[in-house]
Amino acid sequence: MPQNIVVGHKQLMAEAEAEVESMPAADAVAVLGQPDIAIIDIRDPREIEREGRIPGSFHAPRGMLEFWVDPESPYHKSIFAEEKKFIIHCASGWRSLLATQVLQRMGLKPVVNLKGGFAAWKEAGGPVEKVEKK
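Notes on the structure in this doc start here. (Residues numbered from 1 in each chain as written. Predicted model: local features only at pLDDT ≥ 70, side-chain atom pairs only at ≥ 80, totals over all residues. Heavy atoms only, no water.)

**Remarks on the pattern of salt bridges**
This structure, assessed with the given rule, holds 8 salt bridges. For E47, the salt bridge goes to R95, with nearest N and O atoms at 2.9 Å. Placement of the pair is E47 in helix α3 (residues 45-51) and R95 in helix α5 (residues 94-106), with a sequence separation of 48 residues. Relative accessible area serves as the criterion here: at 33%, R95 is assigned to the partly exposed category. The salt bridge partner of E82 is K84, with a shortest N-O separation of 3.6 Å. (Salt bridge = Lys/Arg side-chain N within 4 Å of Asp/Glu carboxyl O. Helix = DSSP H or I, 4+ residues; strand = E, 2+ residues; numbered from the N terminus. Buried < 20%, exposed > 50% of the residue type's maximum accessible area, 1.4 Å probe, protein only.)

Pasting the structure below:
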């Protein structure tokens, strides 16, 4: 018997869009390097190796994000305890939209989604640095 999915990805994303703030790529490019900004890259490591990354961004794989944010988790990363504005991004803005919703629900603030993700960042002329394979 086939699965009966009652809430699809489009509905999930529409609900997230109604709940979170999304930042245009040009605005994110303008704040790159400011000390009160943390750009969080949730893409898979292979995507980063293939496409490069935003200089100074912090890689937090999507699968570990909630554990890295929670200070009670044994996997907590100290960057998420800092007083910063967190800009979350993936490749196209879909995964980061849903991740931003979860992080906001967890209490991380301020946290915003990079609208259009890394693709929009590049299109807006944002700098990209290559990453060596590990």
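**Looking at the nonpolar core**
One recurring pattern in soluble globular proteins: nonpolar side chains tend to sit buried together. The biggest cluster of nonpolar side chains holds 16 residues, and the ones touching the most others in it are I40, L65, F80, F86 and I88. Looking at this core, the elements with two or more residues in it are β2 (37-41), α4 (65-69), β4 (85-89) and α5. Ranked by the residues each element gives to this core, the list is headed by α4, at 3 residues. Contact partners of F86, with chain neighbours within four places excluded, come to A38, I40, I79, F80, L108, P110, V111 and V112. With 13 residues, the next largest nonpolar core counts M23, A25, A28 and I37 among its residues. (Core = buried A, V, L, I, M, F, W, Y, C linked by side-chain atoms within 4.5 Å. Contact = heavy atoms within 4.5 Å.)

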